[in-house]
Amino acid sequence: MEQQNNKELDKRFRHHAWFLKSKMTIAEAIEYMAKCHDFFLGKKLSRKQSTNLLEPPSYDDVIYDSECPCHSWRITQIEKDYFLEKRNQYQEDKV
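Residues numbered from 1 in each chain as written. Predicted model: local features only at pLDDT ≥ 70, side-chain atom pairs only at ≥ 80, totals over all residues. Heavy atoms only, no water.

For the coordinates displayed, the defined rule picks out six aromatic pairs. Measuring from centroid to centroid gives 6.4 Å for Tyr32 and Phe39, while their planes differ by 70°, and the two rings are edge-to-face. Overall, the relative accessible area of 7% leaves Phe39 in the buried class. Members of the aromatic cluster, each reached through a chain of ring pairs, are Phe13, Trp18, Phe19, Tyr32, Phe39 and Trp73. (Phe/Tyr/Trp six-rings, centres within 6.5 Å; stacked < 30°, edge-to-face > 60°. Buried < 20%, exposed > 50% of the residue type's maximum accessible area, 1.4 Å probe, protein only.)

Here is the structure:
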């Protein structure tokens, strides 16, 4: 499982507005976002919704940029866990 996590986090980070032309990995980008307090976790309506009108809407986890909330990046559970781990680590180091 750990090896699968590493493979996912070692892929190149791609976003239409953030870190353009950089060769950052997902792990490096998440570490930067966790260290910088301009980024925060949130939820966004999922692109795939049920056709059953009685079911509640589903949401995806995203990372938002506080300077421009219109920009977000949908993240997997592995990426979310890594972000939270790094954010906690940086907060502990500050104290």
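Our focus in this paragraph is the confidence of the model for the protein chain. Here the protein chain shows a mean pLDDT of 87. Residues at 70 or above account for 93%. Highest mean pLDDT in the protein chain belongs to strand β2 (residues 59–65) (93); lowest belongs to helix α1 (residues 2–9) (72). (pLDDT = per-residue confidence, 0-100. Helix = DSSP H or I, 4+ residues; strand = E, 2+ residues; numbered from the N terminus.)

Let us look at the sheet that holds strand β1 (residues 39–45). Overall, antiparallel pairing links the three strands, which are arranged β1-β2-β3 in an open sheet. Strands at the two margins of the open sheet, each flanked by one partner only, are β1 and β3 (68–74). Strand after strand, the sheet turns through a mean of 45° between neighbouring axes, direction not considered. Each of β1, β2 and β3 is contacted by helix α2 (residues 26–35), which is oriented at about 145° to β3, the strand it contacts most. (Pairing = 2+ DSSP bridges. Axes fitted to C-alpha atoms, helices over the stretch in contact; angles between N-to-C directions. Contact = heavy atoms within 4.5 Å.)

Taking burial as the measure, the seven residues of β2 include five buried ones, the bulk of the element. Note that β1 and β2 share seven bridges and pair antiparallel. Following the sheet pairing, Lys43 is matched in β2 by Asp61. Where β2 and β3 come together, four bridges link them in antiparallel fashion. The residue of β3 that forms the bridge with Tyr64 is Ser72. Taking the residues that link successive antiparallel strands as the turn, the β2-β3 hairpin has two residues.

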